[in-house]
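Spelled out from the first residue to the last, the chains are:
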Amino acid sequence: MNAIPQALQASSSAPAADRWTVAAVEALFELPFMDLVWRAQQVHRQHFDANAIQRSTLLSVKTGGCSEDCGYCSQSARNKAELEREKLLPVEDVVAAARAAKDKGASRFCMGAAWRGPKDKDLEPVLEMIREVKALGMQTCVTLGMLREGQAEKLAEAGLDYYNHNLDTAAEFYANVITTHSQQDRIDTIGEVRKAGINVCSGGIIGMGESRKNRAALIVQLANLNPAPESVPINNLVAIPGTPMAGVKGVDNFEFVRTIAAARITMPTSFVRLSAGREQMSEEMQALCFLAGANSMFYGDKLLTTGNPDVGRDEALFAKLGLRAI
Ligand code: SAM
Ligand code: DTB
Ligand code: SF4
């Protein structure tokens with residue numbers, strides 16, 4: 001017998017924009033785990049090769065000293081995380097890192113800067129990074145904070161493929177984590193990115209003390225962005241010493257997998273990225289996330305300031321699971 005309510009069963013038609021409600025996504029979270037993962041895998045297979053995973057490599061091109069007070073972040077000047085601040089890296093160092101990432105099998109290179117948003121003078125060298133990384137034949141992504149009018153167009157002209165800007169957590173929980181900007185500021189930047197014709201990469205962090213309802217509400221916000229982001233990073237909080245989140249317990253592994261499954265079901269054609277926190281996960285946990293519909297990951301020994309599984313370990317996992325990189 002199939003215990004899944006009719007309304008929650010996979011249908012061949014894509015969900016209309018604004019279809020998802022918090023109640024409907026909470027109902028997904030409440031499904032028996034096996035039913036939820038089965039449903040997510042079914043949706044996944046309607047739109048993707050279930051054995052193919054997209055791989056992006058990250059590089060922090062400007063580290064630390066950020067004016068914002070994001071409670072999870074090692075790079076906020078207000079937090080006490082142990083971190084070497086760095087100025088913007090020279091373009092040639094960035095291109096060398098991108099070339100190395102390509103040689104190891106990454107298809108996208110994502111450059112992050114610890115800024116509230118870029119000043120116009122900061123943007124020029126970043127545009128050069130984008131042009132040169134793109135010339136290597138890689139997809140490009142940057143995450144530079146909030147954009148002012150006209151900046152997204154410049155990024156588009158340089159050939160940028162994706163802009164990462166996370167909603168991070170549900171609107172109702174946002175002020176518990178960040179007070180120096182609002183979630184609406186972030187939604188506005190995503191609007192600028194869309195208007196410029198750049199693909200949107202937007203997701204959030206799980207395990208910051210939010211409720212299940214908050215997690216469902218974040219997924220609903222992302223799914224209803226109209227269109228949903230092409231790429232949806234789901235980060236498991238890395239509780240970094242010296243940040244206000246250092247002592248936060250995080251969520252149970254199954255709850256994290258449920259969140260991945262809810263993202264997959266509500267955003268059937270988006271790449272769902274198993275993002276920060278992979279270093280602390282077993283291989284079996286990662287396989288469960290892939291089974292629940294994650295089909296993208298950060299690949300390379302470092303995220304921005306914290307560790308990620310080394311490339312050899314990931315290659316071994318791909319071989320064990322018969323996964324193919326895209
Ligand atoms: N300053 C830009 C911004 O805030 O968009 C770009 C860099 S910021 C570090 C990019 C994203 O990394 C954040 O929005 C957050 O989702 C994620 N992140 C940062 N620190 C994290 C942590 N300790 N654990 C999990 N995710 C984290
Ligand atoms: C995203 O959602 N996660 C990445 C990327 N986008 C920029 C960053 C994760 C950072 C994890 C903590 C750190 O390494 O500082
Ligand atoms: Fe960190 Fe970005 Fe927040 Fe700055 S804006 S503190 S870099 S997450």
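Note: the structure precedes this text.
Conventions adopted
- Residues numbered from 1 in each chain as written.
- Chains lettered and ligands numbered in written order.
- Predicted model: local features only at pLDDT ≥ 70, side-chain atom pairs only at ≥ 80, totals over all residues.
- Heavy atoms only, no water.
- Near = heavy atom within 4 Å.
- 1 Å grid on protein atoms, 1.4 Å probe; cavity = no way out; pocket = protein on both sides within 12 Å on 5 of 7 lines; lining within 4 Å.
- Sits in = over half its atoms within 2 Å of the grid points.
- Nonpolar A, V, L, I, M, F, W, Y, C, P; charged D, E, K, R; others polar.
- Core = buried A, V, L, I, M, F, W, Y, C linked by side-chain atoms within 4.5 Å.
- Buried < 20%, exposed > 50% of the residue type's maximum accessible area, 1.4 Å probe, protein only.
- Helix = DSSP H or I, 4+ residues; strand = E, 2+ residues; numbered from the N terminus.
- Contact = heavy atoms within 4.5 Å.
- Polar contact = N/O pair within 3.5 Å; in protein donor to acceptor, adjacent residues only side chain to side chain.
- Areas by Shrake-Rupley, 256 points an atom, 1.4 Å probe, with all protein chains shown as cover.
- Phe/Tyr/Trp six-rings, centres within 6.5 Å; stacked < 30°, edge-to-face > 60°.
- Axes fitted to C-alpha atoms, helices over the stretch in contact; angles between N-to-C directions.
- Parallel < 35°, antiparallel > 145°, perpendicular 65-115°, else oblique.
- Points joined across faces, edges and corners; volume = space filled by probe spheres on them.
- Pairing = 2+ DSSP bridges.

Considerations on the site of ligand 3
As a structural note, the neighbourhood of ligand 3 is formed by C66, E68, C70, Y72, C73, S76, A114 and W115. Judged by the proximity of its atoms to the pocket grid, ligand 3 belongs to the largest cavity. Grouping the amino acids of the shell around ligand 3 by side-chain chemistry returns six nonpolar, one polar and one charged.

With respect to the nonpolar core
Within the largest apolar cluster, 76 residues are counted, with the highest numbers of intra-cluster contacts made by F109, V142, L144, L155, Y163, I234 and F256. The element contributing the most residues to this core is helix α8 (residues 253-266), with seven residues.

Quick look at the environment of E86
Here E86 shows up in the loop between β1 (52-62) and α3 (91-104). C-alpha of E86 to C-alpha of M285: the two residues are 199 residues apart in sequence and 34 Å apart in space. When residues no more than four places from it in sequence are discounted, the contact partners of E86 are K62 and T63.

Things to note about the site of ligand 1
Around ligand 1 lies a shell of 17 residues, among which T143, N166, D168, R186 and V238 are the nearest. Between a nitrogen atom of ligand 1 and a main-chain N or O atom of A113, the distance comes to 3.4 Å. At a separation of 3.3 Å, a nitrogen atom of ligand 1 approaches a polar backbone atom of W115. Here ligand 1, which alone exposes 550 Å², has 89% of that area covered by the protein. A breakdown of the residues in the shell around ligand 1 according to their chemical character gives nine nonpolar, six polar and two charged.

With respect to the packing of aromatic side chains
Here the structure, examined in full by the defined rule, presents two aromatic pairs. Centroid distance F33 to F254: 5.2 Å. Interplanar angle 75°. Geometry classified as edge-to-face. Residue F33 is located in helix α2 (residues 33-47), and its partner F254 is located in helix α8; the two are separated by 221 residues in the primary sequence. When its relative accessible area of 45% is taken as the criterion, F254 is described as partly exposed. Arranged with centres 4.9 Å apart and planes meeting at 65°, the rings of F48 and F271 form a pair that is edge-to-face.

Quick look at the packing of α2 against helix α9 (residues 283-291)
Helix-helix packing is described using two parameters, namely the angle between the two axes and the distance between the axes. For the pair α2 and α9, interaxial distance at closest approach is 8 Å and the crossing angle is 60°. As far as their axial angle goes, α9 and α2 are oblique. The segment α2 lies against α9, with F33, V37, Q41 and H44 engaging L288, F290 and L291. In terms of residue class, the contact of α2 with α9 is built from five nonpolar, two polar and no charged.

With respect to the layout of surface pockets
Here the largest pocket defines a volume of roughly 370 Å³. Every residue lining the largest pocket is counted, 21 residues in all, and those nearest its centre are L58, L59, D301, K302 and L303. Breaking the lining of the largest pocket down by element, the ones donating at least two residues are β1 and α3. Across the lining of the largest pocket, the residue classes break down as eleven nonpolar, five polar and five charged.

Digging into the side chain of N236
Of note, N236 is situated in strand β7 (residues 231-236). Residue classification places N236 among the buried positions, given a relative accessible area of 13%. If we ignore the near neighbours within four places in the chain, the residues touching N236 are I205, I206, V251, F256, A276, G277 and M281.

A closer look at the pairing of β1
Within β1, eleven of the eleven residues are buried, which leaves it mostly tucked inside the rest of the structure. In this sheet, strand β10 (residues 324-325) lies alongside β1 in parallel orientation, the contact comprising two bridges. Across the sheet, the residue bridging to A52 is R324, located in β10. The sheet contact formed by β1 and strand β9 (residues 296-298) spans three bridges and is parallel.

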